[in-house]
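Structural characterization, general
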Amino acid sequence: MDDILIKGGSVVDGTGAPARTADVAIRDGRIAAIEENRTDSAERVIDAEGKIVTPGFIDIHTHSDFTLPLNPKAEGKIRQGVTTEVVGNCGFSVAPALPEKVDELRAYLSGSAPWLPFEETNFANYMDAWPDIAVNTIMQVGHNTLRLMAMGMEDRAPNDGELLHMQEMLEEGLNAGALGLSSGLFTAPGCYSEPEELHALGSVLKKHSARYSSHVRDESHCVHEAVAEAIDVGESCGVHVQLAHMKLSGTDNWGEAQLLLDRIEAARNRGVDVHCDQYPYDWGTNPLRFLLPTWLQEGGMDAMLARLADPYSRSRVRQKIAEVGFNNFGRLESWEDIRIAISPHGAAEPGQTIADIAKARNCDELDAVFDIIIADKGATRILVRCMSEDDVRTIASEPTATVGSDGPCVSPYGVTGQGKPHPRLYGTFPRLIGRYARHLGLLTLPQAIHKMTGMAAIALGLVDRGVLREGYAADVVVFDAAEIIDRATFDEPHTYPSGIDAVIVNGRLVIDGDTHTEALPGRLLRRQGAELR
Ligand SMILES: [Zn+2]
């Protein structure tokens, strides 16, 4: 007897192949059969006539390590059809946390993980203690975290001992089954590193057949050089490279998305194993302090807050922003384009723009920014309109570009339901299908599904997920192709998408119509050599 039989749906299997009508049978957490008119009885039959049946979506770039322990039902993601999340991105990981560095790590990550309890741990123990949650998790070791542990917020190259320490901590995570290393070179302390440091860590990745992902050094004026730098790590070290959330930030840099994609294609033609990902929105989000010049952060949070209160430092920041725009984001069209998302200490109202706040306070916009960061002890998070919709469409329509929300998994209730976070936390996957494939026609449905399933599995080395095939893990989504769409907006971000009928993780139904079944069948997936399962 089958555990679940999904009957009569249009199966889009994740390989990019066209849809075909078939029944999908699930037993013991695996796909037991994909065939027409299956006659075996089943504990539960899902009538999928007129619906699409696909592999569960793989959110290849997330920060859900900051929230899943607080939010195990994973509703913000599972209700989009996401069944697997890759965490530890942009150089930020919650482990390792050395005994005397826990407070520093907590302060460092406060703009992204204001609610998470931090404790001393190595990477293996962190993975072993990962709670039962609704989705599968894949972990990465963060370069910013390693550097913070080894040498604090120092703007210099590591000495031999510090570099060795970083290599050893990375190796400890890889031995435990972490996918690889992520970097976030756009901000401190990763931005203080030279390429040699990344290559030295890349050699450790190579030894373990592990992978490298990068939020590149600059997504604005130097984005082409920054993407080349990340590709060079893969090319020199012989490891896979995942280019995070591809974008061209800042008005001066708009219109060059195809050039970036061509650069990736050229690397692939040279034999480099490289993929990129994207969230389909023209707004980004970040801790507010990361928009300011990176020298401000040297020495850590208290040093930064002291500098921000100092008129001379303020004038230096003002001058730099007048010259080149914001760190990593370049020039914006207006102060309306920065909105408060979360203000953990109540320094500003979520939803308000910097323009609103400066007007209400009768002060200059940059002074408002400095004052907010100080009052929020560095933890303010903002939304920023930094991309052109044309570039977003160019990258969205690229069949090899995978899909990542770049967001933590939150829910409309509980501690993670605060503030006005980026709507991509609730909408990324339904939006790519509903808006960019169905409405704008930039992709066929099988292409869109392939980007978020089979292609992602290839980019991760996932051997038994991402495709609907007999024997594979039963991560499955059933949705209505005519209805699926994101509904989260900037004013009402905590809003689930519509059009999704069922989400199954490891053979267990988690979303059943409108209901979350409370099931927590997600598994922590561990890398063994080049394979992840
Ligand atoms: Zn990032």
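Nothing here was measured: the structure is a model prediction, and the numbers come from that model.

1. Side note on the overall build of the chain
Along the backbone of the chain there are 16 helices and 24 strands. Projecting the C-alpha coordinates of the chain onto the three principal axes gives extents of approximately 75 × 50 × 45 Å. The buried share among the 533 residues of the chain stands at 63%. A separation of at least 24 residues holds for 77% of the contacts in the chain among residues at least 6 apart in sequence. Accessible surface for the chain amounts to roughly 18200 Å². Of this, 47% is attributable to carbon and sulfur atoms. Charge-centre separation for the chain: the mean point of 50 positive side chains lies 1 Å from the mean point of 77 negative side chains.

2. Comments concerning the sheet that holds strand 15 (residues 338–342)
For sheets, the rule is that strands pair by backbone hydrogen bonds, running either parallel or antiparallel. Pairing in this open sheet of three strands is antiparallel, and the strands run 14-16-15 from one edge to the other. Of all the strands in the sheet, just strand 14 (283–287) and strand 15 have a single pairing partner and so form its edges. On average, adjacent strands in this sheet sit at an angle of 30° to one another, irrespective of strand direction. Here four bridges tie strand 15 to strand 16 (residues 381–385), and the two strands are oriented antiparallel to one another. When the sheet's bridge partners are listed, Ile 342 is paired in strand 16 with Arg 381.

3. Side note on empty space enclosed by the protein
A complete count under the given rule lists six cavities of 30 Å³ or more for this structure. When its volume is computed, the largest cavity comes out at roughly 320 Å³. Around the largest cavity sit 31 residues that line it, and Gly 111, Ser 112, Thr 285, Arg 381 and Pro 408 are the ones nearest its centre. Every element with two or more residues in the lining of the largest cavity is listed here: strand 14, strand 15 and helix 14 (424–439). For the lining of the largest cavity, the element with the most residues is strand 14, which contributes three residues. Counted by class, the lining of the largest cavity contains 16 nonpolar, twelve polar and three charged residues. Both domains that furnish three or more residues to the lining of the largest cavity are identified here as domain 2 (58–286 + 387–460) and domain 3 (288–385). The computed volume of the second largest cavity comes to approximately 80 Å³. Residue lining of the second largest cavity: 14 residues in total, with Gln 140, Leu 179, Ser 213, Gln 242 and Leu 460 positioned closest to the centre.

4. Concerning the coordination of the zinc ion
Protein ligation of the zinc ion involves Cys 90 (SG), His 215 (ND1) and His 245 (NE2), the donor distances falling in the range 2.0 to 2.3 Å. Each donor residue of the zinc ion lies on one chain, and together they are spaced C-x124-H-x29-H. Placement of Cys 90 in the loop between strand 7 (82–86) and helix 2 (102–108) and of His 215 in strand 11 (residues 211–215) is noted, with a sequence separation of 125 residues between them. Overall, the relative accessible area of 2% leaves His 215 in the buried class.

5. Focus: the domain arrangement of the chain
Split into domains, the chain comes out as domain 1 (2–54 + 471–518), domain 2 (58–286 + 387–460) and domain 3 (288–385). When each unit is reduced to the centre of its C-alpha atoms, the spacing between domain 2 and domain 3 is 24 Å. On the domain 3 side, the residues contacting the 38 residues of domain 2 number 37 residues. Each partner contributes to the roughly 2900 Å² buried at the junction of domain 2 and domain 3, and carbon and sulfur atoms together form 55% of this total.

6. Re the packing of aromatic side chains
The tally for this structure, following the rule as stated, stands at eleven aromatic pairs. Measuring from centroid to centroid gives 6.1 Å for Phe 92 and Phe 290, while their planes differ by 25°, and the two rings are stacked. Placement of the pair is Phe 92 in the loop between strand 7 and helix 2 and Phe 290 in the loop between strand 14 and helix 9 (301–308), with a sequence separation of 198 residues. When sorted by exposure, Phe 92 lands in the same class as Phe 290, which is buried. In this structure an aromatic cluster arises from ring pairing among Phe 92, Tyr 108, Phe 186 and Phe 290. Positioned over the ring face of Tyr 496 is Arg 79, at 4.6 Å from the centre of the ring. It is Arg 424 that lies over the ring of Tyr 279; its NZ or CZ is 4.1 Å from the centre.

The rules behind each value
- Residues numbered from 1 in each chain as written.
- Predicted model: local features only at pLDDT ≥ 70, side-chain atom pairs only at ≥ 80, totals over all residues.
- Heavy atoms only, no water.
- Helix = DSSP H or I, 4+ residues; strand = E, 2+ residues; numbered from the N terminus.
- Buried < 20%, exposed > 50% of the residue type's maximum accessible area, 1.4 Å probe, protein only.
- Contact = heavy atoms within 4.5 Å.
- Areas by Shrake-Rupley, 256 points an atom, 1.4 Å probe, with all protein chains shown as cover.
- Lys, Arg positive; Asp, Glu negative; His and termini not counted.
- Charge placed at Lys NZ, Arg CZ, Asp CG, Glu CD.
- Pairing = 2+ DSSP bridges.
- Axes fitted to C-alpha atoms, helices over the stretch in contact; angles between N-to-C directions.
- 1 Å grid on protein atoms, 1.4 Å probe; cavity = no way out; pocket = protein on both sides within 12 Å on 5 of 7 lines; lining within 4 Å.
- Points joined across faces, edges and corners; volume = space filled by probe spheres on them.
- Nonpolar A, V, L, I, M, F, W, Y, C, P; charged D, E, K, R; others polar.
- Domains from an automatic or database assignment.
- Donors = N, O, S within 2.8 Å, 3.2 Å for Na, K, Ca; no water.
- Buried area = accessible area lost by both parts, 1.4 Å probe.
- Phe/Tyr/Trp six-rings, centres within 6.5 Å; stacked < 30°, edge-to-face > 60°.
- Lys NZ or Arg CZ within 6 Å of the ring centre and 35° of its normal.

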